[in-house]
Structures are given as structure tokens and as C-alpha cells.
Amino acid sequence: MEKTQPRVRPRTDDDVEACVRALAEVHRRDGYPVNWPARPGDWLTQASALGSWVADLDGRVAGHVSLARSAEGDLAPALWSERNGTSIQQTAVVGRLFVAPQARGHGMGALLMGRVVREARQRGLHPVLDVVASDTAAATLYERLGWTRLATVEQRWSASQVVTVHSYSA
């Protein structure tokens, strides 16, 4: 049976369960997200104010990305805005990006990033993101796609957790 090419399409409500299953595999293998959410479906859907997309491979959800407005704790929007003398409102935050382990090697991360960047630009917004420094595969992808690292900072996520975060701009 011939493999189909991956495609990116808008995420539907029917996709959320498959996204959560793929995210659980990513979390077990790669530790993303760092802190597993109590309600992973809500974690995925709350972050999608401007849109969410899935990568589809052979009819199965194999990856995900969302685009949202800046929220509390996001570093990249403020860094980019300060450097460019603009408002945080001119940014859009890329997040919830993951590709299921068994679907890697098909360029899905780049396809998802291309789609989310196009959406941000169509809205007149500048795409930015934050990524934990331990997620070296993601940082490598962003840099390969030409994103600029704005800063690396220590961020306190709780009383007992400090995480090193890289902020990027498209």
C-alpha cells in the first residue's frame, strides 16, 4: 500500500481525542508538555483562540499546532514588541506543536509551522513562541526554519519548578 503525503488541515472537535492520544505518546517519549495537564483536551483547545491545525498522515492525526493571542507567562510577545517598538497585540503565539513519534521524519513539523505562520501573517500578526530549552528537537526545527532566538531566560512555573525557556520570533 502506497503511503500518502502528510497534509495539514484545520483541527475539528472530532480530532481532539486523537490529538490527546498522540500528545500522550509525545509526553512519554519526549517529556512534552513538561507538566502533563489534568485535562489535556482542554489544554489543547484553550490555546487555540486564533486557530488549530492537525497534520494528517494516512488518514490519522499525526501532529498538531495552535495559534493564540499572548497570555500570562508568554515571554516572546513582549520581547519581540520591545525590540520592534510595537504592541504585544501585533503578535500571535505559536503553541501546542507536536508530532507523534511514529509519524516523524515526514516533514510534518515544518508543514505545521508553515501553516501557522501563514495564518498569523494573513491576520497581520507576527508569529512568536516560547519553548523549554530541554526540547532541543523543537529548537532545532525553529532555527532550521529561520526563526530568531530572542532570549533564553529562567522562568518560575511553581514554587518548586524553575524552567529554562527560549523565546523565538519568525
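Residues numbered from 1 in each chain as written. Predicted model: local features only at pLDDT ≥ 70, side-chain atom pairs only at ≥ 80, totals over all residues. Heavy atoms only, no water.

Participant: Explanation requested: the overall build of the chain in the structure shown.
Facilitator: Helix and strand counts for the chain come out as five helices and seven strands. Ordered by position from the N terminus, the helices and strands of the chain form the series β-α-α-β-β-α-β-α-β-α-β-β. Expected size for 170 residues packed as a compact globule is a radius of gyration near 15 Å; at 15 Å, the chain falls within 12% of this value. Principal-axis analysis of the C-alpha atoms gives the chain an extent of 55 × 40 × 30 Å. In the chain, of all internal contacts separated by at least 6 residues, the share reaching a separation of at least 24 is 64%. About 9000 Å² of surface is accessible on the chain, with carbon and sulfur atoms providing 48% of the total. (Helix = DSSP H or I, 4+ residues; strand = E, 2+ residues; numbered from the N terminus. Rg over C-alpha atoms; globule rule 2.2 N^0.38 Å. Contact = heavy atoms within 4.5 Å. Areas by Shrake-Rupley, 256 points an atom, 1.4 Å probe, with all protein chains shown as cover.)

Participant: Sorry, what's going on with the packing of aromatic side chains here?
Facilitator: The geometry of two aromatic rings is summed up by the distance between their centres and the angle between their planes. Evaluation of the coordinates by the stated rule reveals three aromatic pairs. Chaining the aromatic ring pairs together yields one cluster made of Tyr 142, Trp 147 and Tyr 168. Across the ring face of Trp 43, the terminal group of Arg 96 is positioned such that the distance to the ring centre comes to 3.8 Å. (Phe/Tyr/Trp six-rings, centres within 6.5 Å; stacked < 30°, edge-to-face > 60°. Lys NZ or Arg CZ within 6 Å of the ring centre and 35° of its normal.)

Participant: I tried to follow the nonpolar core on my own but got confused; where do I start?
Facilitator: In a soluble, globular protein the nonpolar side chains are often hidden away together inside. Ranked by internal contacts, the top residues of the largest apolar core, which has 41 residues, are Met 113 and Tyr 142. For this core, the secondary structure elements donating two or more residues are α1 (16–30), α2 (40–46), β2 (51–57), β3 (60–68), β4 (91–99), α4 (108–122), β5 (126–132) and α5 (136–144). If one sorts the elements of this core by residue count, α1 sits on top with seven residues. Beyond its immediate chain neighbours, meaning those up to four positions away, Met 113 contacts Val 94, Leu 97, Leu 129, Leu 141, Tyr 142, Leu 145 and Trp 147. Within the second largest apolar cluster, five residues are counted, among which are Ala 76, Val 93, Val 128 and Leu 150. (Core = buried A, V, L, I, M, F, W, Y, C linked by side-chain atoms within 4.5 Å. Buried < 20%, exposed > 50% of the residue type's maximum accessible area, 1.4 Å probe, protein only.)

Participant: How do you make sense of the environment of Val 131 when you look at a structure like this?
Facilitator: For Val 131, the location among the structural elements is in strand β5. The spacing of Val 131 and Val 165 is 34 residues in sequence and 5.5 Å in space, taken between C-alpha atoms. Every residue in contact with Val 131, bar those within four places of it in the chain, is listed here: Ala 138, Tyr 142, Thr 164, Val 165, His 166 and Tyr 168.

Participant: What am I meant to see in the pairing of strand β7 (residues 161–169) here?
Facilitator: Within a regular strand, the side chains alternate between the two sheet faces. Most of β7 is tucked away: seven of the nine residues are buried. Summarising the sheet, β5 and β7 pair through five bridges and their orientation is antiparallel. Paired with Leu 129 across the bridge in β7 is Tyr 168. As paired elements, strand β6 (residues 148–158) and β7 share nine bridges and run antiparallel to each other. The partner of Arg 156 across the bridge, within β7, is Val 162. (Pairing = 2+ DSSP bridges.)

Participant: What is the right way to look at α5 in this model?
Facilitator: In an α-helix, one turn spans 3.6 residues, which is why side chains three or four residues apart end up on the same side. The complete set of buried residues in α5 reads Ala 138, Ala 139, Leu 141 and Tyr 142. The buried side chains of α5 occupy one side of the element, clustering within an arc of 160 degrees when seen end-on. In α5, the exposed positions angled more than 90 degrees off the buried face are occupied by Thr 136, Ala 137 and Arg 144. Where α5 is buried, its residues touch β4, α4, β5 and β7. Positive phi appears at Gly 146, one or two residues downstream of α5, with a value of about 90 degrees. (Arc of directions from axis to C-beta.)

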